[in-house]
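Results of the structural survey
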Amino acid sequence: MKIIHNTLPDLPDRYPFHQPIEQITFFDIETTGLSPKTSSIYLIGAMHYDISSNHWQLTQWFADDYQSEAKILNAFLTYLESFTFLYHFNGCSFDLPFISEKCKKHDIIPSKKISSVFSNIISGHQNDNCPGNIDLLKEICPFKKKLGLRKANQSFLEQWTGLKRQDIYNGSQLIKVYSEYMQQNILKKAKAEQLEKLLLLHNHDDIAGMLHVCSMLVYKDLFAPSKPLSASCSELTKNKIAITIPLRFPHKSTLKHTFNSTASSSLSLPDATLHLDKDHAVLTLPLYSGTLKYFFPDYKDYYYLPQEDTAIHKSVAQFVDASFRKKATAASCYTKKEGIFLPSLSPKEPVLKQPSFYYTYRSNPAFYELPWGDTEKLHSLITDYCTQELGCF
């Protein structure tokens, strides 16, 4: 077994990880085939951040003979003990199950900490006691359609984020390269060294490329945030509102959301737009000025007054002449409100836990009243709106 060490500079616009960076490691394996029963691991690479040097340290464990697989596994598992968060690309489907099977073959029993990673893969869920297991493919795939991505494999995502790698091979092509390396390692050492560089370079670029692909995690921060988004109103008129969200994006793009109104041809809203720039996003939404209806959920407790075109509670309706009232239905149990309203992006039920207003009964979109003139309430509304509604964009 050979151990190779390399140092990589940090990215100037690196993704701001939510975990302590010194507790993160990236890893990738290279194998002689897809099945752990008939193939072997000939290379494992792992990379972590060294705070003292402000650089990434890449370690590769390479099998220069056919007896190195168990040594590679043991070395990698020992290395893994120092970290809490494990980043990889498609590791849940390939790398981790492959390693797990190989550990069984060599009677290697990982520590309780490491074992929890593999049991997490099998069970399909994560618990508080296992190290963070971050599969970049699974993190990014939910946003593939939204971003208009043709593919979601690592090489495509690297190109999409602007990275050009030195390596020109894929994993399957390198199987033959490794086979030739093993032959030349006996016959021609100089030739073997050239082939070894190709094998190491591919693994090196796969791991370095993951750091670039991590910039796409910003889309999860935007569309499925784990904490409230920072958002501020950058423009406000009675017809539209623009909201700025300070996030860094790897790719400039503009997304559109069409409000498919089911209310009436008289309610027609312009598209909402989400412009993603280098260091911020701008969400521009149309506003509706006029009168909308709030529908009471417990309509059986209300009466509808046709002349006033409103519903009142039965405790009050008892004082109204019976000829001027009738039992409310779900569609007639409303009160009207005039104001300026923000349309919901949700095609179904509104997302925010606050009063929702409608043009007609159960029509789309739903609306939220905009607290015009109240800066504090406006800020609270747009923060909640961006955090909870953008996933519907």
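Predicted model only: the values in this text are computed from it and were never measured.

1. Some remarks on the confidence of the model for the protein
Per-residue pLDDT for the protein has a mean of 92; in total, 95% of the residues score no lower than 70. Within the model, pLDDT remains below 50 along residues 122–129, and this stretch shows six contacts once partners closer than five positions in the same chain are excluded.

2. Considering the packing of helix H7 (residues 171–187) against helix H8 (residues 189–213)
It is at 8 Å that the axes of H7 and H8 come closest, and there the two elements cross at 155°. The angle between H7 and H8 places the two elements in the roughly antiparallel class. Crossing angle aside, the handedness with which H7 passes H8 is left-handed. Residue-level contacts link Gly171, Leu174, Val177, Tyr178, Glu180, Tyr181, Gln184, Asn185 and Leu187 of H7 to Lys189, Lys191, Ala192, Leu195, Glu196, Leu198, Leu199 and His202 of H8. Taken together, the residues of the contact of H7 with H8 break down into nine nonpolar, four polar and four charged.

3. Describing helix H11 (residues 375–389)
Its 15 residues give H11 an end-to-end C-alpha distance of 20 Å, which sits within 8% of 21 Å, the value for a rise of 1.5 Å per residue. Along H11, the residues that are buried comprise Leu378, Leu381, Ile382, Thr383, Tyr385, Cys386, Thr387 and Glu389. In the core, the buried residues of H11 are packed alongside helix H9 (218–223), strand S7 (232–236), strand S8 (240–245), strand S11 (281–286), strand S16 (334–343) and strand S17 (367–369).

4. Thoughts on the packing of helix H1 (residues 69–80) against helix H2 (residues 95–105)
At a minimum axis distance of 10 Å, the contact between H1 and H2 shows a crossing angle of 120°. In terms of orientation, H1 and H2 fall into the oblique class. Here H1 and H2 pass one another in a crossing that is left-handed. For the pair H1 and H2, contact is made by Glu69, Leu73, Phe76 and Leu77 and by Ile99, Lys102, Cys103 and Lys105, respectively.

5. Section: the side chain of Asp206
Position of Asp206 among the secondary structure elements: in helix H8. Given a relative accessible area of 12%, Asp206 falls into the buried group. One polar contact links Asp206 to Arg165, side chain to side chain, over a distance of 2.7 Å. Each residue touching Asp206, except ones within four places of it in the same chain, is listed here: Asp28, Glu30, Gln154, Glu158 and Arg165.

6. Section: the sheet that holds strand S2 (residues 24–31)
Read from one edge to the other, the open sheet built from six strands follows the order S1-S4-S3-S2-S5-S6, with strand pairing classed as mixed. The sheet is open, and its two edges are formed by strand S1 (2–9) and strand S6 (132–135), each paired on a single side. Averaged over all neighbouring strand pairs, the angle between strand axes comes to 20°, with direction disregarded. Looking at chain direction, S2 and strand S5 (residues 85–88) are connected through three bridges and run parallel. Counterpart to Thr25 in the pairing with S5 is Leu86.

7. A look at the pattern of salt bridges
Under the counting rule described, the total for this entry stands at 12 salt bridges. In this structure, Glu235 engages Lys240 in a salt bridge whose closest nitrogen and oxygen atoms are separated by 3.6 Å. The partly exposed category is assigned to Glu235, whose relative accessible area is 34%. The exposure class of Lys240 is partly exposed, given its relative accessible area of 33%.

8. Remarks on unusual backbone geometry
Pro365 follows Asn364 through a cis peptide bond whose omega is 0°. Structurally, Pro365 can be placed in the loop between S16 and S17. Unlike most non-glycine residues, Asn54 shows phi in positive territory, near 55°. Its identity as a non-glycine residue notwithstanding, Arg362 has a phi of 55°, on the positive side. Relative to the helices and strands, Arg362 is located in the loop between S16 and S17.

9. Thoughts on the sheet that holds S11
Taken in spatial order, the five strands of this open sheet run S7-S8-S11-S10-S9, and their pairing is antiparallel. The open sheet has two edge strands, S7 and strand S9 (253–257), and neither has a second partner. If you compare each strand with its neighbour and ignore which way they point, the axes differ by 20° on average. Strands S7, S8 and S11 of the sheet are contacted by H11, whose axis makes an angle of about 70° with S8.

10. Some points on the side chain of Lys102
Note that Lys102 resides in helix H2. In terms of polar contacts, Lys102 uses its side chain to reach the backbone carbonyl oxygen of Pro36, at 2.9 Å. Excluding anything up to four places from it in sequence, Lys102 contacts Pro36, Ser39, Ser40, Ile41, Glu69 and Leu73.

11. Considering the environment of Leu390
One can find Leu390 in the segment after H11. For Leu390, a relative accessible area of 0% corresponds to the buried category. Taking C-alpha positions, Leu390 is 7.2 Å from Leu222, a pair spaced 168 residues apart along the chain.

12. Re the nonpolar core
Formed by 73 residues in total, the largest nonpolar core has its most connected members in Phe26 and Leu390. Discounting chain neighbours no more than four positions away, the residues touching Leu390 are Leu222, Phe223, Leu229, Ile245, Leu274, Leu283, Leu345 and Tyr385. Of all hydrophobic cores here, the second largest spans 36 residues; its members include Ile4, Leu43, Ala46 and Leu77.

13. Considering the pairing of S2
The two faces of the sheet receive side chains in turn, since in a regular strand these alternate between them. In terms of residue burial, S2 counts as a mostly covered element, since eight of its eight residues are buried. Where S2 and strand S3 (residues 41–50) come together, seven bridges link them in antiparallel fashion. Residue Asp28 lies in a different strand from S3, and its bridge partner there is Gly45.

The rules behind the values
- Residues numbered from 1 in each chain as written.
- Predicted model: local features only at pLDDT ≥ 70, side-chain atom pairs only at ≥ 80, totals over all residues.
- Heavy atoms only, no water.
- pLDDT = per-residue confidence, 0-100.
- Contact = heavy atoms within 4.5 Å.
- Axes fitted to C-alpha atoms, helices over the stretch in contact; angles between N-to-C directions.
- Helix = DSSP H or I, 4+ residues; strand = E, 2+ residues; numbered from the N terminus.
- Parallel < 35°, antiparallel > 145°, perpendicular 65-115°, else oblique.
- Left-handed = near helix turned anticlockwise from the far one by under 90°.
- Nonpolar A, V, L, I, M, F, W, Y, C, P; charged D, E, K, R; others polar.
- Expected span 1.5 Å × (residues − 1).
- Buried < 20%, exposed > 50% of the residue type's maximum accessible area, 1.4 Å probe, protein only.
- Polar contact = N/O pair within 3.5 Å; in protein donor to acceptor, adjacent residues only side chain to side chain.
- Pairing = 2+ DSSP bridges.
- Salt bridge = Lys/Arg side-chain N within 4 Å of Asp/Glu carboxyl O.
- Core = buried A, V, L, I, M, F, W, Y, C linked by side-chain atoms within 4.5 Å.

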